[in-house]
Amino acid sequence: MPQAYWLDRLTKAFAGGLDAIQTYVPWNFHEGQPGVYDFEGDHDLVQYLQTAQQVGLLVVLRVGPYICAGIALLCITLLTVITARDSNSATSIFRL
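An account of the accompanying structure is given in this report. (Residues numbered from 1 in each chain as written. Predicted model: local features only at pLDDT ≥ 70, side-chain atom pairs only at ≥ 80, totals over all residues. Heavy atoms only, no water.)

1. Description of the overall build of the protein
Then step 1. Helix and strand content of the protein: four helices and four strands.
Then step 2. When its helices and strands are written in sequence order, the protein yields α-β-α-α-β-α-β-β.
Then step 3. The buried share of the protein, reckoned over its 96 residues, is 17%.
Then step 4. When the accessible surface of the protein is totalled, it reaches about 7300 Å², and 59% of it is carbon and sulfur. (Helix = DSSP H or I, 4+ residues; strand = E, 2+ residues; numbered from the N terminus. Buried < 20%, exposed > 50% of the residue type's maximum accessible area, 1.4 Å probe, protein only. Areas by Shrake-Rupley, 256 points an atom, 1.4 Å probe, with all protein chains shown as cover.)

2. Focus on the nonpolar core
Then step 1. Listed in full, the eight residues of the largest apolar core are Trp6, Leu10, Ala13, Ile21, Tyr48, Ala52, Val55 and Leu57.
Then step 2. Taken together, the elements giving at least two residues each to this core come down to helix H1 (6–15) and helix H3 (45–55).
Then step 3. When neighbours within four sequence positions are excluded, Val55 is seen to be in contact with Leu7, Leu10, Thr11 and Phe14. (Core = buried A, V, L, I, M, F, W, Y, C linked by side-chain atoms within 4.5 Å. Contact = heavy atoms within 4.5 Å.)

3. Considerations on H1
Then step 1. Those residues of H1 not exposed but buried are Trp6, Leu10 and Ala13. Taken end-on, H1 shows its buried residues confined to a sector of 55 degrees, consistent with a single buried face. Across from the buried face of H1, at angles greater than 90 degrees, the exposed residues are Lys12 and Ala15.
Then step 2. Where H1 is buried, its residues touch strand S1 (20–26) and H3.
Then step 3. Just downstream of H1 lies Gly17, where phi reads positive at about 105 degrees. (Arc of directions from axis to C-beta.)

4. Observations concerning the pattern of salt bridges
Then step 1. Evaluated as defined, the whole model comprises two salt bridges.
Then step 2. For Asp8, the salt bridge is made with Arg9, and the minimal N-O distance between the two is 2.5 Å.
Then step 3. The partly exposed category is assigned to Arg9, whose relative accessible area is 38%.
Then step 4. With a closest N to O distance of 3.2 Å, Lys12 and Asp8 form a salt bridge. Of this pair, Lys12 and Asp8 both sit in helix H1, four residues apart, which is roughly one turn of the helix.
Then step 5. Through salt bridges with shared partners, one network takes in Asp8, Arg9 and Lys12. (Salt bridge = Lys/Arg side-chain N within 4 Å of Asp/Glu carboxyl O.)

5. As for the side chain of His43
Then step 1. Mapped onto the elements, His43 comes out in the loop between helix H2 (27–30) and H3.
Then step 2. One polar contact links the side chain of His43 to the main-chain carbonyl oxygen of Phe29, over a distance of 2.7 Å.
Then step 3. Setting aside residues up to four positions removed in sequence, His43 forms contacts with Phe29, His30 and Asp38. (Polar contact = N/O pair within 3.5 Å; in protein donor to acceptor, adjacent residues only side chain to side chain.)

6. Comments concerning the packing of aromatic side chains
Then step 1. Evaluation of the coordinates by the stated rule reveals one aromatic pair.
Then step 2. Pairing Trp6 with Tyr48 gives two aromatic rings, centres 5.2 Å apart and planes at 85 degrees, and the pair type is edge-to-face. Here Tyr48 lies in helix H3 and Trp6 lies in helix H1, a separation of 42 residues in the sequence. For the pair Trp6 and Tyr48, one class covers both residues: buried. (Phe/Tyr/Trp six-rings, centres within 6.5 Å; stacked < 30°, edge-to-face > 60°.)

Structural data, given as structure tokens:
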């Protein structure tokens, strides 16, 4: 979401009864090219967190190269077999 909307949207979330908000922090948003980091403007994570604090919201940061774990069910339905590793052996744990 563009920085221009942060205060408005976070204020509305708080007014709607939320006391915390989850925020994904995808690496590719802040590191468009390897070794080149961008934390300015719409990418300013510190300003976003300060805005949430100003509104009165707690923030749960979901940081990492792998995000959107909420869509894992979709991935499961697209696979025929899911395997889990235990030491060096692969064991099938789920079959569609």
